[in-house]
Amino acid sequence: MSRLSYIGERLFRSVFVIFLIMVASFFLIRLAPGDIVDFLMEGGSPDPEYVAALRRSLGIDRPLWEQFLRYAGGLLSLDLGYSFRMQEPVLDIVLARMPATLLLAASVLAFALVSGVALGIVAARSLGRWQDSAVTALSLLGYATPNFWLGLMIVLLFAVWLDILPPFGMTSIGMGYTGLAHAGDVAAHLVLPTIALGTHYMGVFARITRATMIDVADMDFVKAARAKGITEAQVVWRHVFRNAMLAVVTYTGVQAGHLVSGTVLIETVFSWPGVGRLAYDSIASRDHPLLLGTFLVTSVLVILINLATDIVYTFVDPRIEVKG
Amino acid sequence: MSRGRSLGRALLAHKGGLLGMAFLALVVTVAAVYPLANPRSPWAMGARPFLPPLTRGHLLGTDMLGRDVLLGLVHGARFSLLIGLMSTVVSLTIGITVGAVAGYFRGWTDEILMRVTEFFQIIPGLVLIMLLVVVLGPTMWSVVAGIGVVTWPSVARIMRAEVLSLRTRQFVDAARGLGQRPLAILFVQILPNALSPVIVVASVMVASAILIESGLSFLGLGDPNVMTWGYMIGAARPFLRDAWLLSAIPGVAIVLTVLAINMVGDSLTTALNPRQARKAERA
């Protein structure tokens, strides 16, 4: 299969999954007891004629398929509804929060990648010795520790007891930093949430790298390369690292949704002003259109990330063309 | 019989698995027995708040409302394990059915079911669970349903792969030749032979269900009538500075339990899929 038709097929799949997301979100709203009008009129004793007029104007009295078409049409023209609580269109609110979440996610992935790959290489080069066991134990602990709890514990250690890092937020309030000082301030605020969310992925990447190192070391082309006399560092860099990166790219694509789920908890723990925190706040303020909007936007984002990793894959892995 | 015995031997040979099983047995026993010896409600606010651990009558002290921490921990163990198991059952039911049907009938059925599976695999699971819990109301059942609904895709994928490889075997051809109906062949002939990799995933799934549930309860989105570890951590969070043990203790309980389940899962992998295990051992 050629690269173009492979990408085309992926594109078609993504469009189909986005369609499923629209259907799912449409029915999710309708699972709730009562409709939006009941919700808006909650607690009052509204005039029945006014209620009927409101239903008509919102189109809730129309048949279901017609409502769905209108809803889907709205989504396609980027109308995700209106947040009555925040008096703003949902899409604007969610997009305004997106950069903070993307920054956190990028920081988490960078941390997990660097530390995970390093630990994996250390483990693979000391197979069966204590370093190897230590990395395995660390990975297992990383899998088993709830990220929000790890967050609280490192806040306790580094912000409360040692007092060397800020415990929450994205910037220091009232300091009015600009330029480099501002960047440094944000970086300091990033450290704890990054560790809290990244430790799990560090464990995963360490295991992937270790496995790849061991697999690759057995392969003929690496034996041949060694026989040719290239150094160990070159073997690691040229062959192992590239193969480990393939696995890591795949994993990141598949787990992007998992990462977004993690940001909900971590952004809540650290009062990080991103989309995850927004999802939590929208529940606290009973802002259902906003909660649904965060679900829609983050889902579409994850699909785009998947699509991107699939496409990156075709460039990194030459085998994909034959594999089809 | 001999298969069962060799399975048992393989399980016993795995030290981590044994350790994990011993710890889980301890947790289950305490969760079952302790409430009999101490029948108070974990919500009862009898004692002075913020009593330190090792106080007489309160082995792990009391929380900010004077509730016994040990009692909360024990009831938390009950519901964490219960919710973990029940949501795994939901997840297995959906995953096995979808995977088996997709793998057996192939073609368009397979194509559509796998796209739906992909949808559930891709979306941010926690946000969907939050939506479901908000829409259906925060009960234990909606939490179980929510976790089940977002965790089944991996089961479906494994099941599908197994069924795809089993459906061309001779014993299946024989059943077809004898005139058995497709669904009977699928559920009577193929399914029992496809289960061992699913069992391995199921054990890990209980662990991840416990983690998801703890996150939900931590956010205050769990069943408000059920004492859970996540709730204990979340409720004690405002007092982190002065009473950090109240947040630390239930977290340690989660880590140890999830670790134990994962180690049992590893030993199941070794026992049921020796070939995959040898690969994983090196991995």
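In this report, the structure presented in the accompanying data block is examined. (Residues numbered from 1 in each chain as written. Chains lettered and ligands numbered in written order. Predicted model: local features only at pLDDT ≥ 70, side-chain atom pairs only at ≥ 80, totals over all residues. Heavy atoms only, no water.)

### Comments concerning the overall build of chain A
Across its full length, chain A carries 14 helices and two strands. When its C-alpha atoms are laid out on the principal axes, chain A stretches across 85 × 60 × 40 Å. Within chain A, the fraction of its 324 residues that count as buried is 46%. A separation of at least 24 residues holds for 74% of the contacts in chain A among residues at least 6 apart in sequence. In the structure as shown, chain A presents an accessible area of about 16,000 Å², 68% of it carried by carbon and sulfur atoms. Side-chain charges in chain A split into 23 positive and 24 negative, and the spacing between the mean points of these groups amounts to 11 Å. (Helix = DSSP H or I, 4+ residues; strand = E, 2+ residues; numbered from the N terminus. Buried < 20%, exposed > 50% of the residue type's maximum accessible area, 1.4 Å probe, protein only. Contact = heavy atoms within 4.5 Å. Areas by Shrake-Rupley, 256 points an atom, 1.4 Å probe, with all protein chains shown as cover. Lys, Arg positive; Asp, Glu negative; His and termini not counted. Charge placed at Lys NZ, Arg CZ, Asp CG, Glu CD.)

### Description of the nonpolar core
Counting 120 residues, the largest nonpolar core has Ile21(A), Tyr201(A), Phe205(A), Phe295(A), Met130(B) and Phe218(B) as the members making the most contacts within it. Filtering out sequence-adjacent residues up to four positions away, Phe295(A) remains in contact with Ile21(A), Leu28(A), Ile123(B), Val127(B), Leu128(B) and Leu131(B). Counting 20 residues, the second-largest nonpolar core is a separate cluster that includes Val101(B), Val155(B), Ile190(B) and Ala194(B). (Core = buried A, V, L, I, M, F, W, Y, C linked by side-chain atoms within 4.5 Å.)

### Comments concerning the pattern of salt bridges
For the structure shown, the criterion picks out nine salt bridges over all chains. When the shortest N-O distance is used, the salt bridge between Asp132(A) and Arg210(A) registers 2.8 Å. Of the two residues, Asp132(A) is situated in helix α6 (residues 130-144) and Arg210(A) in helix α8 (residues 179-218); the sequence distance between them amounts to 78 residues. A salt bridge links Glu118(B) to Arg115(B); its shortest N-O distance comes to 3.4 Å. Within this pair, Glu118(B) and its partner Arg115(B) are both found in helix α4 (residues 107-122), separated by three residues, close to a single helical turn. Each member of the pair Glu118(B) and Arg115(B) is classed as buried. (Salt bridge = Lys/Arg side-chain N within 4 Å of Asp/Glu carboxyl O.)

### Structural notes on the interface of chain A and chain B
On the side of chain B, 40 residues touch chain A, which itself brings 51 residues to the contact. Between chain A and chain B, roughly 4,200 Å² of surface is buried when both sides are summed, and carbon and sulfur atoms account for 78% of that area. On the surface where chain A and chain B come into contact, there are one salt bridge. Ionic pairing is found between Glu118(B) and Arg13(A), a salt bridge with its closest N-O pair at 3.3 Å. Here chain A and chain B share six residue pairs in polar contact (both at pLDDT 80 or more) between them. Every element with two or more residues in the side of chain A that touches chain B is listed here: α1 (3-31), α6, α7 (147-161), α8, α11 (256-269), α12 (275-284) and α13 (288-316) of chain A. The biggest single contributor to the side of chain A that touches chain B is α13(A), with 10 residues. Looking at the side of chain A that touches chain B residue by residue, the classes come out as 37 nonpolar, nine polar and five charged. (Buried area = accessible area lost by both parts, 1.4 Å probe. Polar contact = N/O pair within 3.5 Å; in protein donor to acceptor, adjacent residues only side chain to side chain. Nonpolar A, V, L, I, M, F, W, Y, C, P; charged D, E, K, R; others polar.)

### Points about the packing of α11(A) against α12(A)
Residues and elements named next belong to chain A. At a minimum axis separation of 7 Å, α11 and α12 run at an interaxial angle of 80°. When the axes of α11 and α12 are compared, the pair comes out roughly perpendicular. When α11 is examined against α12, the residues Thr263, Val264, Glu267 and Thr268 are found in contact with a partner set consisting of Val275, Gly276, Arg277 and Tyr280. Taken together, the residues that form the contact of α11 with α12 break down as three nonpolar, three polar and two charged. (Axes fitted to C-alpha atoms, helices over the stretch in contact; angles between N-to-C directions. Parallel < 35°, antiparallel > 145°, perpendicular 65-115°, else oblique.)

### Regarding helix α11 (residues 245-272) of chain B
End to end, α11(B) covers 40 Å across 28 residues, agreeing with the expected 40 Å (1.5 Å per residue, within 8%). Across the 28 residues of α11(B), 23 count as buried, placing the element largely inside the fold. (Expected span 1.5 Å × (residues − 1).)

### So, α12(A)
Residues and elements named next belong to chain A. Among the residues of α12, Val275, Gly276, Leu278, Ala279, Ser282 and Ile283 are the ones counted as buried. The buried residues of α12 all sit within an arc of 160° when viewed along its axis, so they share a single face. Two residues or fewer after α12 comes Arg286, characterised by a positive phi angle close to 55°. (Arc of directions from axis to C-beta.)

### A closer look at unusual backbone geometry
Here Asp163(A), not a glycine, exhibits a phi torsion of approximately 55°, which is positive. Here Asp163(A) is to be found in the loop between α7 and α8. Judged by its relative accessible area of 59%, Asp163(A) falls in the exposed class. In this model, Arg106(B) sits at a positive phi of 50°, which is unusual for a non-glycine residue. Looking at the element boundaries, Arg106(B) is found in the loop between α3 (69-105) and α4. Residue classification places Arg106(B) among the partly exposed residues on the basis of a relative accessible area of 42%.

### What to know about the packing of aromatic side chains
Evaluated as defined, the whole model comprises eight aromatic pairs over all chains. Here the aromatic rings of Phe26(A) and Phe27(A) are separated by 5.2 Å at their centres, their planes lie at 85°, and the arrangement is edge-to-face. For Phe26(A), a relative accessible area of 1% puts it in the buried group. An angle of 85° between the planes, with centres 5.2 Å apart, marks the rings of Trp161(A) and Trp244(B) as edge-to-face. On the criterion of chain membership, the pair formed by Trp161(A) in helix α7 and Trp244(B) in the loop between α10 (229-236) and α11 is interchain, its members lying in two chains. Owing to a relative accessible area of 32%, Trp244(B) belongs among the partly exposed residues under this scheme. Each member of the aromatic cluster is reached from another via a ring pair, and the members are Phe119(B), Phe120(B) and Trp152(B). (Phe/Tyr/Trp six-rings, centres within 6.5 Å; stacked < 30°, edge-to-face > 60°.)

### Quick notes on the side chain of Ser87(B)
Residue and element names in this part refer to chain B. Summarising the element assignment, Ser87 is placed in helix α3. Taking the relative accessible area as the measure of exposure, Ser87 reaches 1% and is therefore buried. A distance of 2.5 Å separates a polar atom in the side chain of Ser87 from the backbone oxygen of Ile83. Beyond its immediate stretch of four places on either side in the chain, Ser87 contacts Val144, Ile147, Gly148 and Ala209.

### Considering the environment of Gly120(A)
Residues and elements named next belong to chain A. Looking at the secondary structure, you find Gly120 in helix α5 (residues 90-125). Exposure remark for Gly120: the relative accessible area of 0% places this residue in the buried category. Here the alpha-carbon distance between Gly120 and Ile18, two residues 102 residues apart in the chain, equals 36 Å. Not counting the four nearest positions on each side in its chain, Gly120 is found in contact with Ala206, Thr209 and Arg210.

### Focus on the environment of Leu28(A)
Within the fold, Leu28(A) resides in helix α1. In sequence terms Leu28(A) and Leu292(A) are 264 residues apart; their C-alpha atoms lie 8.7 Å from each other. Not counting residues within four places of it along the chain, the set of residues in contact with Leu28(A) comprises Phe295(A), Leu128(B), Leu131(B), Leu132(B) and Val135(B).

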